[in-house]
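The lines below spell out each chain.
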Amino acid sequence: MAGRRAVVLLSGGLDSTTALAVARDEGFECYALSFDYGQRHDRELESAHRVADALGAKQHLVLRLDLRAIGGSALTADIPVPKSRSESEMSSGIPVTYVPARNTIFLSHALAWAEVLESSDIFIGVNALDYSGYPDCRPEYIEAFERMANLATRAGVEGAMRLRIHTPLINLSKAQIVLRGSGLGVDLGLTWSCYEPQPNGRACGRCDSCLLRRKGFSEAGLRDPVPTAR
Ligand SMILES: [Zn+2]
């Protein structure tokens, strides 16, 4: 009998990589899904490829979506990425690195692929603690999407299966995510978090994502294998 299949959203960052490792650890045959959505750099997609390989994903699909044509985010438009913000600045309001409706767009594609794969399980590495500014990382959003998914698909309506959105990291701190990932044997040096890679290939060390990552490794008492600009 084939293993249970799961579709795992994989950006190549720390969180989605750990979510993939959790899915694999729970015995799922993993189908990794990434998006080439017009992000300003393709460094994270490179990481997604390496992670999918290293963690033995059954298939790694990269869908092209031109979110740059929509814009509205520092990750897809010519808007500066905020640097060196304090924790209180990061936790107040929705940052310009928010990509409009991104998780809804990504989960919708995951849902379509899951239906074709006859999978009833989707994993997403959202986290409600450290990214409290992102509305589509909240548990009530995920519950609403799951409810919608079961109304929206043939598999859901015919009662053949109940689709579940797994969010194994939703209540974890960045430090706990680092520990979970490394505890599952993931080489975290394969992951990429920085919003603005430097010309020398290092992480910038100052964007929100770099700062949260640094805090996570430091609180976990581990050294980050990914080189930073300073
Ligand atoms: Zn950075």
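Residues numbered from 1 in each chain as written. Predicted model: local features only at pLDDT ≥ 70, side-chain atom pairs only at ≥ 80, totals over all residues. Heavy atoms only, no water.

## Considerations on the side chain of Thr191
- As for its placement among the helices and strands, Thr191 is situated in the loop between helix H7 (174–183) and helix H8 (208–220).
- A polar contact is formed between the side chain of Thr191 and the backbone oxygen of Leu188, at a distance of 2.7 Å.
- Among all residues touching Thr191, those that are not within four sequence positions of it are Gly12, Gly13, Leu14, Thr17, Ser47, Val51, Arg213 and Val226. (Helix = DSSP H or I, 4+ residues; strand = E, 2+ residues; numbered from the N terminus. Polar contact = N/O pair within 3.5 Å; in protein donor to acceptor, adjacent residues only side chain to side chain. Contact = heavy atoms within 4.5 Å.)

## Thoughts on the packing of aromatic side chains
- Summed over the entire model, instances satisfying the criterion amount to 5 aromatic pairs.
- The interplanar angle of 70 degrees and the centroid separation of 5.3 Å between the aromatic rings of Phe28 and Phe123 together place this pair among those described as edge-to-face. Note that Phe28 is positioned in the loop between helix H1 (14–25) and strand E2 (29–36) and Phe123 in strand E4 (residues 121–123), a separation of 95 residues in sequence. Like Phe28, the residue Phe123 is buried in the burial classification.
- Between Tyr141 and Phe145, the ring centres sit 6.5 Å apart and the planes meet at 50 degrees, which makes this aromatic pair tilted. Separated by 4 residues within a single helix, Tyr141 and Phe145 lie in helix H5 (residues 139–152), roughly one turn from each other.
- Classification of Phe145 by relative accessible area gives buried; the value is 4%.
- Aromatic rings pair up to connect Phe35, Tyr37 and Phe106 into one cluster.
- One cation-aromatic arrangement involves Arg4 over Phe28; the distance from NZ or CZ to the ring centre is 4.1 Å. (Phe/Tyr/Trp six-rings, centres within 6.5 Å; stacked < 30°, edge-to-face > 60°. Buried < 20%, exposed > 50% of the residue type's maximum accessible area, 1.4 Å probe, protein only. Lys NZ or Arg CZ within 6 Å of the ring centre and 35° of its normal.)

## A look at the packing of H7 against H8
- Remark: H7 packs on H8, axes separated minimally by 7 Å, with the N-to-C direction vectors making an angle of 65 degrees. Between H7 and H8, the interaxial angle falls into the category roughly perpendicular. You can see that H7 and H8 cross each other, and the crossing is right-handed. For the pair H7 and H8, the contacting residues are Lys174, Ala175, Val178 and Leu179 in the first and Leu212, Gly216, Phe217, Glu219 and Ala220 in the second.
- Along the lines of polarity and charge, the residues of the contact of H7 with H8 split into 6 nonpolar, 1 polar and 2 charged. (Axes fitted to C-alpha atoms, helices over the stretch in contact; angles between N-to-C directions. Parallel < 35°, antiparallel > 145°, perpendicular 65-115°, else oblique. Left-handed = near helix turned anticlockwise from the far one by under 90°. Nonpolar A, V, L, I, M, F, W, Y, C, P; charged D, E, K, R; others polar.)

## Quick look at the pairing of strand E3 (residues 59–64)
- Sheet analysis places E2 next to E3, joined by 6 bridges and oriented parallel. Residue pairing in the sheet places Tyr31 in a bridge with Gln59 of E3.
- Read from E2 through helix H2 (residues 43–54) to E3, the crossover connection turns out right-handed. (Pairing = 2+ DSSP bridges. Right-handed = clockwise from strand over helix to strand, strands pointing away.)

## Some thoughts on the coordination of the zinc ion
- Donor atoms from the polypeptide that coordinate the zinc ion comprise Cys194 (SG), Cys204 (SG), Cys207 (SG) and Cys210 (SG), at 2.3 to 2.4 Å from the metal.
- Viewed at the metal, the 4 donor atoms of the zinc ion are separated by angles of 102 to 120 degrees, and the geometry they form is tetrahedral.
- Within one chain, the residues donating to the zinc ion are spaced in sequence as C-x9-C-x2-C-x2-C.
- Taking relative accessible area as the criterion, Cys207 reaches 0% and is therefore assigned buried. (Donors = N, O, S within 2.8 Å, 3.2 Å for Na, K, Ca; no water. Tetrahedral: all angles 85-135°; square planar, octahedral: opposite > 155°, others 65-115°.)

## Structural notes on the side chain of Arg43
- Here Arg43 is to be found in helix H2.
- Here Ser47 takes part through its side chain, which lies 2.9 Å from a polar atom of the side chain of Arg43.
- Look past the residues within four positions of Arg43 in its chain and what remains in contact with it is Arg50, Trp192 and Pro197.

## Quick look at the sheet that holds strand E5 (residues 164–166)
- The sheet built from 5 strands is open, its strands ordered E3-E2-E1-E4-E5 with parallel pairing. Both edges of this open sheet fall to E3 and E5, since each of them pairs with a single strand only. Neighbour to neighbour, the strand axes of the sheet diverge by 25 degrees on average, direction disregarded.
- Relative to E5, E4 runs parallel, the two being bridged by 3 bridges. Across the sheet, the residue bridging to Ile122 is Ile165, located in E5.

## What about empty space enclosed by the protein?
- For the coordinates displayed, the defined rule picks out 3 cavities of 30 Å³ or more.
- Ser11, Asp15, Ser16, Glu44 and Arg102 are, among the 36 residues lining the largest cavity, the residues nearest its centre.
- At the level of secondary structure, the elements contributing two or more residues to the lining of the largest cavity comprise H1, E2, H2 and helix H4 (102–117).
- Tallied by class, residues from the lining of the largest cavity come to 19 nonpolar, 11 polar and 6 charged. (1 Å grid on protein atoms, 1.4 Å probe; cavity = no way out; pocket = protein on both sides within 12 Å on 5 of 7 lines; lining within 4 Å. Points joined across faces, edges and corners; volume = space filled by probe spheres on them.)

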